[in-house]
Amino acid sequence: MLGNLKREVLEAAVAAEISGLCVHGTGNFSAIDRESGLVAITPSGLARESLTLEDVPLLDLRGGLAEPGKRGKPSSESRMHIEAYLRRKDVAAVAHTHSPYATALAVLGRTIEPVTFEAVFYGIDVAVVGLFRPGTEELAKAAAEALDGSDVCLLKNHGALVVGASVEETLLKAKHLESVARTYYLALTLGGDAARPIPREELERYGQIPSS
Ligand SMILES: [Zn+2]
């Protein structure tokens, strides 16, 4: 079970790097086994392509090291992942990325308006968290609070935080978030204020259609 969790986290981190959601080993990924309360999280300071399962540490929900990785230390944003699991008992995975278009909007302190229907795949709403230094308790608490009403949020001048029911779902939400952010950015560039969101009821109606 925990071996699978480590594998999923490692594969998500590598996939995120390949797809451009993260560069140079930035961002971090985790998954929780709710039964044992243990969290598998990406280590910091190691090249993603060199990671092995033994490098992935396990943390408990107090932030203690239940099983160290063979190399490196747990992600510097471990506290943020743990706060998200404590606050959102319904989620099983957390992804934090510095994906460029979402981060550009985060620099402006501006939400990602749902300008395309893909927004339903991450729950439409994107909260924006204020400016806090990376790796701090303050950031962890503020980000977790922002997840009360949404599965995704932007961290000012920093990046995005995404939660989901599985590692796969969480990574997909992070990809859709970046995709809508990119389209929104392009639409703003072309048309400024004409880049309007899709009306809520249209999005909600679309969201009820099972995907084919
Ligand atoms: Zn970060």
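To start, this report covers the structure provided alongside it.

About the criteria used
- Residues numbered from 1 in each chain as written.
- Predicted model: local features only at pLDDT ≥ 70, side-chain atom pairs only at ≥ 80, totals over all residues.
- Helix = DSSP H or I, 4+ residues; strand = E, 2+ residues; numbered from the N terminus.
- Contact = placed C-beta atoms within 7 Å.
- Buried ≥ 20, exposed ≤ 12 C-beta atoms within 10 Å, placed from the backbone.
- Arc of directions from axis to C-beta.
- Pairing = 2+ DSSP bridges.
- Axes fitted to C-alpha atoms, helices over the stretch in contact; angles between N-to-C directions.
- Parallel < 35°, antiparallel > 145°, perpendicular 65-115°, else oblique.
- Left-handed = near helix turned anticlockwise from the far one by under 90°.
- Nonpolar A, V, L, I, M, F, W, Y, C, P; charged D, E, K, R; others polar.
- Core = buried A, V, L, I, M, F, W, Y, C linked by C-beta atoms within 7 Å.

**Re the overall build of the chain**
Next, step 1: Along the backbone of the chain there are six helices and 10 strands.
Next, step 2: The long-range share in the chain, meaning contacts at least 24 apart out of those at least 6 apart in sequence, stands at 65%.

**Regarding helix α3 (residues 100–108)**
Next, step 1: For α3, the set of buried residues is Ala102, Leu105 and Ala106. Projected onto a plane normal to the axis of α3, the buried residues spread over an arc of 105 degrees and lie on a single side. Turned more than 90 degrees from where α3 packs its buried face, Val107 and Leu108 sit exposed.
Next, step 2: Residue glycine 109 follows α3 closely and has a positive phi angle near 70 degrees.

**Observations regarding the pairing of strand β2 (residues 38–41)**
Next, step 1: In this structure, strand β1 (residues 28–33) lies alongside β2, joined through four bridges in antiparallel fashion. Among the inter-strand pairings, aspartate 33 is bridged to a residue of β2, identified as leucine 38.
Next, step 2: Connecting β1 to the antiparallel partner β2 that follows it, the hairpin turn spans four residues, and glycine 37 within it adopts a positive phi of roughly 75 degrees.
Next, step 3: Two strands pair when backbone bridges link them, and β2 and strand β4 (residues 58–59) are joined in this way by two bridges, in the antiparallel orientation. When the bridges of β4 are listed, valine 39 appears paired with leucine 59.

**Re the packing of helix α1 (residues 2–19) against helix α5 (residues 167–191)**
Next, step 1: Interaxial distance between α1 and α5 falls to 10 Å at its minimum, and their mutual angle equals 20 degrees. When the interaxial angle is binned, α1 and α5 end up roughly parallel. For the crossing formed where α1 meets α5, the hand is right-handed. Only Val167, Leu171 and Lys175 of α5 make contact with α1, whose side of the interface consists of Glu8, Val9, Ala12, Ala15, Ala16 and Ser19.
Next, step 2: Residue composition of the contact of α1 with α5, by class: six nonpolar, one polar and two charged.

**What to know about the environment of phenylalanine 29**
Next, step 1: When you line up the elements, phenylalanine 29 lands in strand β1.
Next, step 2: Leave out the neighbours within four places in its chain, and phenylalanine 29 touches Val9, Ala12, Ala13, Ala16, Thr42 and Ala95.

**Quick notes on the sheet that holds β1**
The strands making up a sheet associate through hydrogen bonds between their backbones, and the pairing can be parallel or antiparallel.
Next, step 1: One open sheet holds the eight strands; their spatial order is β5-β4-β2-β1-β7-β10-β9-β8, and the pairing between them is mixed. Two strands close off the open sheet at either side, each with one partner strand: β5 (65–67) and β8 (127–129).
Next, step 2: Of the strands in this sheet, β1, β2, β4 and β7 (93–97) are in contact with α1, which crosses β1 at around 160 degrees.

**Details of the nonpolar core**
Next, step 1: Grouped together as the largest cluster of nonpolar side chains are 59 residues, with contacts concentrated most on Val9, Ala143, Cys153, Ala160 and Leu177.
Next, step 2: Considering every element that reaches this core, the biggest residue donor is α5, with seven residues.
Next, step 3: Beyond its immediate sequence surroundings of up to four residues, alanine 160 is in contact with Thr97, Ser99, Ala102, Ala106, Val152, Leu154, Leu155, Ala174 and Leu177.

**Here we look at unusual backbone geometry**
Next, step 1: Its identity is not glycine, yet isoleucine 124 carries a phi of approximately 70 degrees, on the positive side.
Next, step 2: On the secondary structure map, isoleucine 124 appears in the loop between α3 and β8.
Next, step 3: The phi torsion at asparagine 157 lies on the positive side, around 55 degrees, for a residue other than glycine.
Next, step 4: In this structure, asparagine 157 sits in the loop between β9 (152–155) and β10 (159–164).

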